[in-house]
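# Chains, contacts and geometry: an overview
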Amino acid sequence: MTLFVPFDGSELAEAALVRAAEFGVVFEEDVLAVSVIPDGNVDYARSRGWLGPDESFDRDAVVATLHSQVTDLCPSADFRHKFVDRYAPAGTIASRVRSLAQSEDASMVFVGSENAGHVVSTVSSVGRGVAADDSYDVVIVRHRRPAKVARLRNASPHRSPKSDFYLPE
């Protein structure tokens, strides 16, 4: 079983990753962060901080940025990435995340979302599509800065780092 985190590099995705890592310590389960990237979509990449204002789209640079964020927060986490079409229709990223969660035998999915809380169907973007699947439990993380981020980063007993490279598709 795996604790699965859709990861786009946002503060809420970082918070979700930290929460998953905390659960991973308690439940002795692996944590997997997964990024789904619209290939060649410069605007999308810039809006998420994957590229600087003058940088052109570089698959390796985008993946390296996301991978670094994951390992900085949770060195023991595994990281995977998938590319979708640059102009993928709405719901494609959520669909791909849901499919990956199922194929990785996720026991819990940790989703960072600001507007969750009243009804799961109000979760925007990837969250709603991922939360709709009943093959795993969903943890919705709404707070950007969990109090234990620094403590987890510096004192986790599961601090054995993964390699500093990633495997491209």
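Anything mentioned here points back to the structure above.
Here is a short report on the structure shown in this document.

Basis of the calculations
- Residues numbered from 1 in each chain as written.
- Predicted model: local features only at pLDDT ≥ 70, side-chain atom pairs only at ≥ 80, totals over all residues.
- Heavy atoms only, no water.
- Helix = DSSP H or I, 4+ residues; strand = E, 2+ residues; numbered from the N terminus.
- Buried < 20%, exposed > 50% of the residue type's maximum accessible area, 1.4 Å probe, protein only.
- Contact = heavy atoms within 4.5 Å.
- Pairing = 2+ DSSP bridges.
- Axes fitted to C-alpha atoms, helices over the stretch in contact; angles between N-to-C directions.
- Phe/Tyr/Trp six-rings, centres within 6.5 Å; stacked < 30°, edge-to-face > 60°.
- Parallel < 35°, antiparallel > 145°, perpendicular 65-115°, else oblique.
- Left-handed = near helix turned anticlockwise from the far one by under 90°.
- Nonpolar A, V, L, I, M, F, W, Y, C, P; charged D, E, K, R; others polar.
- Polar contact = N/O pair within 3.5 Å; in protein donor to acceptor, adjacent residues only side chain to side chain.
- Core = buried A, V, L, I, M, F, W, Y, C linked by side-chain atoms within 4.5 Å.

Broken down by element type, the protein chain carries 6 helices and 5 strands. From first element to last, N terminus to C terminus, the protein chain shows the α and β order β-α-β-α-α-β-α-β-α-β-α. Counting the 169 residues in the protein chain, one finds 45% classified as buried. A fraction of 73% describes how many contacts in the protein chain between residues 6 or more apart in sequence connect residues 24 or more apart.

We now examine the sheet that holds strand 4 (residues 106-112). The strands that make up a sheet pair up through hydrogen bonds in the backbone, lying either parallel or antiparallel. One open sheet holds the 5 strands; their spatial order is 3-2-1-4-5, and the pairing between them is parallel. Each of the sheet's edge strands pairs with one partner strand only, and the pair in question is strand 3 (78-84) and strand 5 (137-141). Between one strand axis and the next, the sheet turns through 25 degrees on average, direction left out of account.

Turning our eyes to something else, we now look at the packing of aromatic side chains. Describing an aromatic ring pair means giving the distance of the ring centres and the angle of the ring planes. The final tally for this structure, using the stated rule, is 3 aromatic pairs. With a centroid separation of 5.1 Å and an interplanar angle of 75 degrees, the aromatic rings of Phe23 and Phe110 are classed as edge-to-face. In this pair, Phe23 sits in helix 1 (residues 11-27) while Phe110 sits in strand 4, placing the two residues 87 residues apart along the sequence. We classify Phe23 as partly exposed; its relative accessible area is 28%. In this structure Phe110 comes out as buried when scored by relative accessible area, which is 0%.

With that settled, consider the packing of helix 1 against helix 3 (residues 59-73). Following both chains from N to C, one finds helix 1 and helix 3 inclined at 40 degrees, their axes separated by 10 Å at the closest point. Considering the angle they form, helix 1 stands oblique to helix 3. Both helix 1 and helix 3 take part in a crossing whose hand is right-handed. For the pair helix 1 and helix 3, contact is made by Glu14, Leu17 and Val18 and by Gln69, Val70 and Leu73, respectively. Counted by class, the contact of helix 1 with helix 3 contains 4 nonpolar, 1 polar and 1 charged residues.

So, about the side chain of Thr71. Tracing the sequence through the fold places Thr71 in helix 3. A polar atom in the side chain of Thr71 sits 3.3 Å from the backbone oxygen of Ser68.

Within the largest apolar cluster, 31 residues are counted, with the highest numbers of intra-cluster contacts made by Leu17, Ile37 and Phe110. Secondary structure elements with two or more residues in this core: strand 1 (2-6), helix 1, strand 2 (30-38), helix 2 (42-47), helix 3, strand 3, strand 4 and strand 5. If you tally residues by element for this core, the top one is helix 1, at 7 residues. Those residues in contact with Leu17, other than ones at most four positions away along the chain, are Val5, Phe7, Val31, Ala33, Val70, Leu73, Cys74 and Ala77.

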